Amino acid sequence: MPTLIARRTAATATGIATALVLTACGNPTDGGTTEVAATTGARTKIDLSPDQHRITTGKVDSIAARVPERIRKSGTLKTVASAGSAAPLTFYATDNKTVIGVETDIAHLIGDVLGLKVRITPVSWENIFVGLDSGKYDVGVSNITVTEERKEKYDFATYREDNLGFAAKKGSGLKVTGPEDVAGRTVAVSSGTNQEKLLIEWSKENEKAGREPVDIKYYQNDSDSYLALRSGRIDLYLGPNPTAAYHAAGTGQTEVVGTYSGAGATLQGLIAATTKKDNGLVGALAAALDTVIGNGTYAKVLDRWGLADEAVTGSEINPPGLPKTDG
């Protein structure tokens, strides 16, 4: 059975910190390497090439036996991830076709334990869930947050904390600690994400308090959002904190001006491997994740991408997630 996570609660916009600090050895979008420096001072160079030399682990027969027969017989774990470039989570290597990142490495570790070849298909965000619904893909490993609404259709095996970041143009002077700080602001967010859900709720809260609502904008990908931010078309961009920190340090053009838990003010958000509800796979996923957490390969993967501060101590199946919106 999966180990319960020792979870932080009552996370606030100013209380969440991640160890991701990046100093670029050349622009990450131009190839080469990017240097990751943890708050401890240790430094690791991220390999951006398609030949990743990934961290691996061994098959565990007892866990592999828990995989549904149709997947075991196929020999392949059909994994889906977002096609958007969101370093260091999921993005393309210097060949512009090989998917790399912490999510990719986690998916491969799961496949190692289950004795399955991992086939990763990058798709648009909304098509992750369409593919899971239809059974086209077995599992989504793509920075997917546990939410109460999603739990109605999917099973979750958690593997990382979920912290969000508000990105602003460098030197903007903006600080975000709560809904009042985005009142009347133009904020970009990706459609269908928990970030969007939180931003909509903050906008409604502002209106109820007599403040201006948020002017929410949607762009096709991260690159478009950051271009809009730098050009002044938007004030803020709300996305995963690791990607916001990576972009800020790699380009020197933006900065993180506020962080928030992906599950709201009173619950630490969690990222999870996501599979169709009641398809029989989630137990094996959680057990595989517990195995790699226990044997140290999980920690090596997070260290490799500068995300040690988002580590969990075990994988939970379907824990409390971002609450549903009232009304």
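To be clear, the structure that these remarks concern was listed above.
Residues numbered from 1 in each chain as written. Predicted model: local features only at pLDDT ≥ 70, side-chain atom pairs only at ≥ 80, totals over all residues. Heavy atoms only, no water.

> Help me understand the overall build of the protein chain, please; the structure alone is not making it clear to me.
Counting its regular elements, the protein chain contains nine helices and 14 strands. Evaluated residue by residue, the protein chain yields a buried proportion of 52% over its 327 residues. Looking at the protein chain alone, contacts between residues at least 24 apart form 75% of all its contacts between residues at least 6 apart. For the protein chain, the exposed surface amounts to about 13,600 Å²; the carbon and sulfur share of it is 49%. (Helix = DSSP H or I, 4+ residues; strand = E, 2+ residues; numbered from the N terminus. Buried < 20%, exposed > 50% of the residue type's maximum accessible area, 1.4 Å probe, protein only. Contact = heavy atoms within 4.5 Å. Areas by Shrake-Rupley, 256 points an atom, 1.4 Å probe, with all protein chains shown as cover.)

> Even after reading the chapter, I still don't get the nonpolar core, so can you show me in this structure?
Membership of the largest hydrophobic core comes to 44 residues, with the highest contact counts inside it found for V102, I106, I110, L114, L281, L285 and W305. Looking at this core, the elements with two or more residues in it are α3 (102–114), β9 (154–169), β14 (269–276), α8 (282–295) and α9 (297–304). Here this core takes nine residues from α8, the largest share from any one element. Each residue touching I110, except ones within four places of it in the same chain, is listed here: L77, A273, L285, A288 and L289. In this structure, L198, L199, W202 and L238 belong to the second largest nonpolar core, which totals 17 residues. (Core = buried A, V, L, I, M, F, W, Y, C linked by side-chain atoms within 4.5 Å.)

> It is not clear to me how the packing of α3 against α8 should be interpreted in this structure. Could you clarify?
When two helices pack together, their arrangement is given by the angle between the helix axes and by the axis-to-axis distance. Two numbers describe how α3 lies on α8: the axes approach to 9 Å, and their chain directions differ by 100 degrees. By the angle between their directions, the pair α3 and α8 is classed as roughly perpendicular. Two secondary-structure elements touch here, α3 through I106, L109, I110, V113 and L114 and α8 through A284, L285, A288, L289, T291 and V292. Considered class by class, the residues forming the contact of α3 with α8 number ten nonpolar, one polar and no charged. (Axes fitted to C-alpha atoms, helices over the stretch in contact; angles between N-to-C directions. Parallel < 35°, antiparallel > 145°, perpendicular 65-115°, else oblique. Nonpolar A, V, L, I, M, F, W, Y, C, P; charged D, E, K, R; others polar.)

> Honestly, the packing of aromatic side chains in this entry has me stumped. Any pointers?
One pair of aromatic rings is described through two measures. These are the centre distance and the angle between the planes. Overall, the coordinates contain seven aromatic pairs when judged by the stated rule. On the basis of an interplanar angle of 55 degrees and a centroid distance of 6.2 Å, the ring pair of F91 and Y246 is categorised as tilted. One end of the pair, F91, is in strand β5 (residues 91–92); the other, Y246, is in helix α7 (residues 241–251), with 155 residues separating them in the sequence. Comparing F91 with Y246 shows no difference in burial state: the two are buried. Each member of the aromatic cluster is reached from another via a ring pair, and the members are F91, Y246 and W305. (Phe/Tyr/Trp six-rings, centres within 6.5 Å; stacked < 30°, edge-to-face > 60°.)

> When you look at the pattern of salt bridges in this model, what are you seeing that I'm missing?
Think of it this way: side chains of opposite charge can pair up when their charged atoms draw near. The final tally for this structure, using the stated rule, is 13 salt bridges. Ionic pairing is found between R304 and D105, a salt bridge with its closest N-O pair at 2.6 Å. Separated by 199 residues along the polypeptide, R304 in helix α9 and D105 in helix α3 bring together distant segments of the chain. Salt bridges linked by common partners bring R54, D105 and R304 together as one network. (Salt bridge = Lys/Arg side-chain N within 4 Å of Asp/Glu carboxyl O.)

> What is the right way to read the pairing of strand β4 (residues 76–82) from this model?
Two faces belong to every sheet, and in a regular strand the side chains alternate between them. Burial runs high along β4: six of the seven residues are buried. In the sheet, β4 pairs with strand β7 (residues 117–123) via seven bridges, with the strands oriented parallel. From the neighbouring strand, T76 faces β7, where its bridge partner is K117. Pairing analysis gives two bridges linking β4 to strand β8 (residues 139–140), with the strands arranged parallel. Counterpart to V80 in the pairing with β8 is G140. (Pairing = 2+ DSSP bridges.)

> Before we go on, may I ask you to explain helix α5 (residues 194–208) in this structure?
Given 3.6 residues to a turn, an α-helix orients residues that are three or four positions apart in the same direction. The terminal C-alpha atoms of α5 lie 21 Å apart, and with 15 residues this matches the ideal 21 Å at 1.5 Å per residue to within 8%. Looking at α5, one finds that the buried residues are N194, Q195, E196, K197, L198, L199, W202, S203 and N206. Summarising the contacts, the buried residues of α5 are in contact with β9, β10 (186–188), β11 (215–217), β12 (236–240) and β13 (254–261). (Expected span 1.5 Å × (residues − 1).)

> What am I meant to see in unusual backbone geometry here?
For residues that are not glycine, phi is negative in most cases, and the peptide bond is trans in most cases. The step from A87 to P88 runs through a cis peptide bond, and the omega angle for that step is 5 degrees. Looking at the element boundaries, P88 is found in the loop between β4 and β5. The residue D278 is not glycine, and still its phi comes out positive at about 60 degrees. When you line up the elements, D278 lands in the loop between β14 and α8. Looking at D278, the relative accessible area reads 66%, which means it is exposed. Backbone geometry places N318, a non-glycine residue, at a positive phi of 50 degrees. Here N318 lies in the segment after α9. Since its relative accessible area comes to 22%, N318 is described here as partly exposed.

> What is the right way to read the environment of N318 from this model?
Note: C-alpha distance between N318 and A157 (161 residues apart in sequence) is 6.6 Å. Among residues more than four places away in sequence, those in contact with N318 are K151, Y154, D155, F156 and K277. Polar side-chain contacts of N318 include one of 3.0 Å to the side chain of D155. (Polar contact = N/O pair within 3.5 Å; in protein donor to acceptor, adjacent residues only side chain to side chain.)

> I keep staring at α7 and nothing clicks. Help me out?
Summarising burial for α7: nine of the eleven residues are buried, a large majority. Residues N241, P242, T243, A244, A245, Y246, H247, A248 and G250 constitute the buried set of α7. At the C-terminal side of α7, G252 shows a positive phi close to 70 degrees.

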